[in-house]
Amino acid sequence: MGTDEEQDLARQRFDVADAAPLLLDAQGVVTSWTRDARRLLDYTAPEVVGTPVTGLLATEDAARVPEVAERCRRDGGWAGLLTARHKDGHPVRVMVRITPAVGPGGGAHWLVLLSDMAGARGWDMSRAVLEQMVTGSPVGIAVVDANLRCVWSNAALERFGGGSPGERLGRRLAEIQPGIDSEGIETQMRRVLETGQPVVGYEHVGRVRSAPLQETAHMMSFTRLEDDHGHPMGVYYTVVDITERHRARQRLALLDRAGEQIGRSLDIVRTAQELADVAVPGCADFVCVDLLEWVLRGAEPPAGPLSPTEAVPLRRAGHQSVNPGVPEAVVEIGAVATYLPGSPPIRCLATGLSWREERLDPLAREWAGDRTATFLELDLHTVMIVPIRARGVTLGVTTFFRRRPQEPFDEDDLSLAEDLVSRAAVCVDNARRYARERNAALVLQRSLLPRRLPDQDAVEVAACYRPADELTGLGGDWYDLIPLSGARVALVVGEVPGHGIDAAAAMGRLRTAVRTLAAQDLPPEEVLAHLDDLVARTGREELGDPEGVDVQVAGSGCVYVIYDPVDGQCTMAAAGHPAPAVVLPDGSVSFVDLPQGPPLGVGGRPFEAVELALAEGSTLVLHTDGLLAREDDDRPVDADRDRLRRALERIAPSLDLRCRAVVDTLIPDRPDDDVALLMARTRLLGADQVADWDLPADPAVVADARKEATRQLTEWGLEELAFTTELVVSELVTNAIRHAEGPIRLRLIRERALICEVSDGGATAPHLRHPRTTDEGGRGLLLVSQFTERWGTRFVPEGKVIWAEQSLTDPPA
């Protein structure tokens, strides 16, 4: 009847189109015999119709007919293998399918379909057929005993190394193929022997010891062989060559790695080095990346094509080797990579086409130049050169080498190298474009920052600016020192949100606005209030939305400090910006308790100012928040201030060195955010530099004021300024007596200029008039403006101050 496995096979292979049908009644008697059945067994219908079907079967299978009948009644049918008797007596192996049917008289019958297993469409599981299957199979097959020694193998296994089947007999795998890693394979065999569990799909990667050295990959399956009592006798295993599939997977893995590891930064040299790192050793033994000089500068490509017969300026941007120290022995990073005109690298640059040479030796002297000896020492015997092209522009070349005994590069290797370089080329070009934009933004930023802080006697000043790294991009931090009237100075540090050229341009607009407002001699809180209105108004105008805010300037921070060297008073206000630190003359550091106003342009509570007196030699430290870059968002602000305090407590030979030391201590070379630091050490004007007088509101006092001023100028040795100073004092004091109220005070300050100030309690500012020839008055301020360098009015809590300055270096008008 056949085993269950045979029945399953019969069910799977039974072909109704080729079957010979016959009909049985319920008792198993043949009631119908067809021509196909006669062709199969050679019986005629009269010879079999009316006889039991058992007469057509071999004796062993005839005895099992009752069992088959029971299964047909229980399962509704049956399929399997049986042995029938041909008319001449020889056995015929047939596949049988039995299904319920209705006879000619309407009674229950069984339809039996017979199919010849020995015909052209079947097979005979004889020993000869089995031997033919395993010996002629293209799959490598072998059997080892319990000691893992080969007892049989087919001819196909010879292709996988180790000699003919006869040479394998009685030898272990390590003895047959000493060059491969046999330990891993034998470990799998032992596991199968011990557990009885087969191992399917085990992949083994090895190298064929030949010239050149080639890597191969095989898929192996292991099955335990047992005797009749279930004891392990050995292992039956098969071997299939999957080298091409293995190499394809390696190439895909290499490209995946390239996508993950190349272009992680916007630095050109780092990107080139990432390309070299990924390519070794997966693609080559030695890789060098050479870029054109204009690429490394972040410039635009020059006009016109490259000539293959001319020298081209290339620089080494990245290299890697399987042997440490080898790249530096050839060309160092940043050094010029010299190739002879007409050599393969220059031709690849000019044509944009890749080049491959399986045998490098005859060509090394042609294009390696003075590095020929190094090439030969490294035993580089095969090469590929792939141009680095992105967006239709050639940026450089990448050269791939292999050493002996590695196999030469083939077309598949060149295709892989081109895919690898094409991915990196886009990243290199992106880095170049970013470098160009960053350089432009940096130039703009530098041009908008003060190149040299103005000379003045109020403070000794030092400043330091450090742009952000290439990933974050240049920001909009700035600093400034603005001379004010009365020998005072304004110290300003601010920052604009965002990065790049837009942030730099927005910073320039804001800095210009601050300088314009500073010229109005406004107090710090009013300067910030006007800035806030300006930013909000600019945003509404640019966006065309009454609720809009300037997306580049809104949210900017700024701290504005005014220092007066006459009395050491310091006034400051902040808009969304860190409060300044103060380093006292004894070296102690404190932070100003400064009320924080909202960032510019966002609205909110009004700005508040604080005033404090600073001893001479104190240092004001103004900085952007990048100086206190927080590594952990959960860390308290006091921890950042402690870091700044410790840095400020360190002694340095000069203020400039101290400023740079603070920046170097607190932030890396490439910070995540821009940093601006402004340090100002205060000075006080001496008593011999300031003279002042309280004057009554009496016109007769004008003459006395002129005399006192002339006497003071004589003491200072400034007699040549006496005439102009008398004119200024006379006009300003007269105007105060006529048009103002409250106490009048005259003050002369000798700094880099001679400053004359008249203060009163009035709140009305004088206006410059241009009188006609018939007017009797109105010429006072006109004369003052003509005879002095500059003049103006500033308001103070007690009233106003009208001032005028005369140069101490230029001759009087």
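All figures in this text were calculated on a predicted structure; none of them were measured in a lab. In every chain, residue numbers begin from 1 and rise along the written sequence. For a predicted model such as this one, the threshold for reporting local features is a pLDDT of at least 70, and the threshold for listing and counting side-chain atom pairs is 80 or more; totals across whole chains, interfaces and linings nevertheless cover every residue. No hydrogens and no water enter the side-chain calculation; it runs on all heavy atoms of the structure.

## Here we look at the overall build of the protein chain
Note on conventions: DSSP H or I runs of at least 4 residues are helices, E runs of at least 2 residues are strands, and numbering of each starts at the N terminus. For the protein chain, the helix and strand inventory stands at 24 helices and 31 strands. Relative accessibility decides the category of a residue: with a 1.4 Å probe and only protein chains considered, values under 20% of the type maximum give buried, values over 50% give exposed, and everything between is partly exposed. When the 813 residues of the protein chain are sorted by exposure, 47% land in the buried category. Within the protein chain, contacts between residues at least 6 apart in sequence are counted, and of these 61% link residues at least 24 apart. Only the protein chains shown count as cover for residues, and the accessible areas themselves come from Shrake-Rupley with a 1.4 Å probe. Summed over its atoms, the accessible surface of the protein chain is roughly 39000 Å², and 51% of this surface lies on carbon and sulfur atoms. Contacts are residue-level and defined by heavy atoms, with any inter-residue pair within 4.5 Å sufficient.

## Some points on helix α17 (residues 411-448)
In this scheme, a helix's expected span is set at 1.5 Å multiplied by one less than its residue total. The end-to-end C-alpha distance of α17 is 55 Å, a good match for the 56 Å that 38 residues give at a rise of 1.5 Å each. What qualifies as a polar contact is a pair of N or O atoms within 3.5 Å, subject to a donor-acceptor requirement within protein and to the restriction that residues adjacent in sequence count only when both atoms come from side chains. Regarding α17, its N-cap is D410, as a side-chain oxygen of that residue lies 3.1 Å from the backbone nitrogen of D412 further along.

## Side note on the nonpolar core
Nonpolar core, defined: a set of buried Ala, Val, Leu, Ile, Met, Phe, Trp, Tyr and Cys residues in which side-chain atoms within 4.5 Å join the residues together. Core analysis: the largest hydrophobic core is formed by 56 residues, its most contacted members being C283, L291, V295, F400 and L420. If you tally residues by element for this core, the top one is α17, at eleven residues. Counting 55 residues, the second-largest nonpolar core is a separate cluster that includes W478, I482, M507 and A573.

## Quick look at the packing of helix α10 (residues 243-261) against α17
For helices, the fitted axis covers only the stretch in contact; all axes are lines through C-alpha atoms, and the angles between them, taken along N-to-C directions, range from 0 to 180 degrees. Their axes nearest at 10 Å, the elements α10 and α17 cross at an angle of 15°. Taken together, the axis directions place α10 and α17 in an arrangement best described as roughly parallel. The hand of the α10/α17 crossing is right-handed. For the pair formed by α10 and α17, the contact residues are R251, L254, L255, D256, A258 and G259 on the first element and D412, D413, L416, D419, L420 and R423 on the second. By the convention adopted, Pro, Cys, Tyr, Trp, Phe, Met, Ile, Leu, Val and Ala count as nonpolar, Lys, Arg, Asp and Glu as charged, and the other residues, Gly among them, as polar. Residue classes in the contact of α10 with α17 are distributed as five nonpolar, one polar and six charged. Angle categories are assigned with fixed cut-offs, so that under 35 degrees is roughly parallel, over 145 is roughly antiparallel, 65 to 115 is roughly perpendicular, and the rest are oblique. It is the rotation of the near helix from the far one that decides the hand of a crossing: anticlockwise by less than a right angle makes it left-handed, clockwise makes it right-handed.

## Thoughts on the sheet that holds strand β22 (residues 589-591)
Only strands joined by at least two bridges in the DSSP assignment are considered to pair. Spatial strand order, β16-β26-β25-β21-β22: five strands in an open sheet with antiparallel pairing. Edge positions in the sheet fall to β16 (459-466) and β22, since each of these pairs with one other strand and no more. Each strand axis lies, on average, 20° off the axis of its neighbour in the sheet, ignoring direction. Contacting β16, β21 (581-583), β25 (619-623) and β26 (675-682), helix α21 (residues 655-666) crosses the sheet at an angle of about 30° to β16.

## Digging into the environment of C558
Mapping C558 onto the fold places it in strand β19 (residues 557-564). Here C558 falls in the buried class, since its relative accessible area comes to 0%. Between the C-alpha atom of C558 and that of P578, which follows or precedes it by 20 residues, the distance is 8.5 Å. With residues near it in sequence (within four places) discarded, C558 still touches W478, V492, V493, G494, L528, A573, A574, A575, H577 and L600.

## Quick look at the environment of V192
Its place among the elements puts V192 in helix α9 (residues 182-195). By relative accessible area, which is 0% here, V192 ends up buried. For the pair V192 and L225, spaced 33 residues apart in sequence, the C-alpha separation works out to 9.6 Å. Residues in contact with V192, not counting those within four places in the same chain, are Q197, V199, F222, T223 and R224.

## Some points on the side chain of T394
With respect to the helices and strands, T394 occurs in strand β15 (residues 393-403). One polar contact links T394 to R389, side chain to side chain, over a distance of 2.6 Å. Excluding anything up to four places from it in sequence, T394 contacts L292, W294, L349, G352, P387, I388 and R389.

## Considering the confidence of the model for the protein chain
Averaged over every residue, the pLDDT of the protein chain is 82; residues scoring 70 or more account for 85%. Here residues 1-16 is a poorly scored stretch, pLDDT under 50, and it has 39 contacts once near neighbours within four places are set aside; other chains count. The predictor rates its confidence in each residue with pLDDT, a number between 0 and 100. Residue range residues 119-127 is modelled with pLDDT below 50. Its contacts to residues more than four positions away, or to other chains, number eleven contacts.

## Digging into the packing of aromatic side chains
Under the pairing criterion, centres of Phe, Tyr and Trp rings, with the six-membered ring standing for Trp, must be within 6.5 Å; the plane angle then separates stacked pairs below 30 degrees from edge-to-face pairs above 60, leaving the rest tilted. Enumeration according to the criterion identifies three aromatic pairs in this entry. Residues F222 and Y237 carry aromatic rings whose centres are separated by 5.8 Å and whose planes lie at 35° to one another, so their mutual orientation is tilted. Linking F222 in strand β9 (residues 214-226) with Y237 in strand β10 (residues 232-241), this pair joins segments that are 15 residues apart in sequence. Each of the two residues, F222 as well as Y237, counts as buried.

## A word on the sheet that holds strand β2 (residues 30-33)
Here five strands make up an open sheet; going across it, the order is β2-β1-β5-β4-β3 and the pairing antiparallel. With partners counted over all chains shown, the strands left at the sheet margins are β2 and β3 (78-85), one partner each. When strand polarity is set aside, the average angle formed by the axes of neighbouring strands in this sheet is 30°. In the packing of helix α5 (residues 65-75) onto the sheet, the strands contacted are β3, β4 (91-102) and β5 (108-116), and the crossing angle to β3 comes to about 155°.

## Observations concerning unusual backbone geometry
In this model, V280 is joined to P281 through a cis peptide bond whose omega is 0°. For P281, the location among the structural elements is in the loop between α11 (268-279) and β11 (286-292). Of note, D42 is a non-glycine position whose phi angle comes to about 75°, a positive value. On the secondary structure map, D42 appears in the loop between α2 (35-41) and α3 (45-48). Even without being glycine, D521 reaches a positive phi, approximately 55°. Mapped onto the fold, D521 is located in the loop between α18 (501-518) and α19 (524-543).

## Considerations on the pairing of strand β30 (residues 790-796)
As defined by bridge partners, β30 adjoins strand β31 (residues 799-807) across seven bridges and the pair is classed as antiparallel. Note that in β31 the partner of G792 across the bridge is W803.

## A few points about the pattern of salt bridges
Counted as salt bridges are all cases of a side-chain nitrogen of Lys or Arg within 4 Å of a carboxyl oxygen of Asp or Glu. Applying the stated criterion across every chain yields a total of 42 salt bridges. The partner of R224 in a salt bridge is E226, and the shortest N-O contact between them spans 2.8 Å. The partner of R660 in a salt bridge is D656, and the shortest N-O contact between them spans 3.6 Å. On the criterion of helical spacing, the pair formed by R660 and D656 is a turn pair, its members being four residues apart in helix α21. When its relative accessible area of 41% is taken as the criterion, R660 is described as partly exposed.

## Focus: the pairing of strand β20 (residues 569-575)
Counted residue by residue, β20 has five buried out of seven residues, so it is predominantly covered. Linking β19 back to β20 in an antiparallel pair, the connection comprises four residues, with G568 at a positive phi of about 75°. As defined by bridge partners, β20 adjoins strand β24 (residues 609-613) across five bridges and the pair is classed as antiparallel. Across the sheet, Q569 pairs through a bridge with A613, a residue of β24.

## Quick notes on α5
Buried within α5 we find V68, R71 and C72. All buried residues of α5 fall inside an arc of 105° around its axis, so they share one side. Along α5, the residues that are exposed and aim more than 90 degrees away from the buried face are P66, R73 and R74. The directions from the helix axis to the C-beta atoms form the arc being described.

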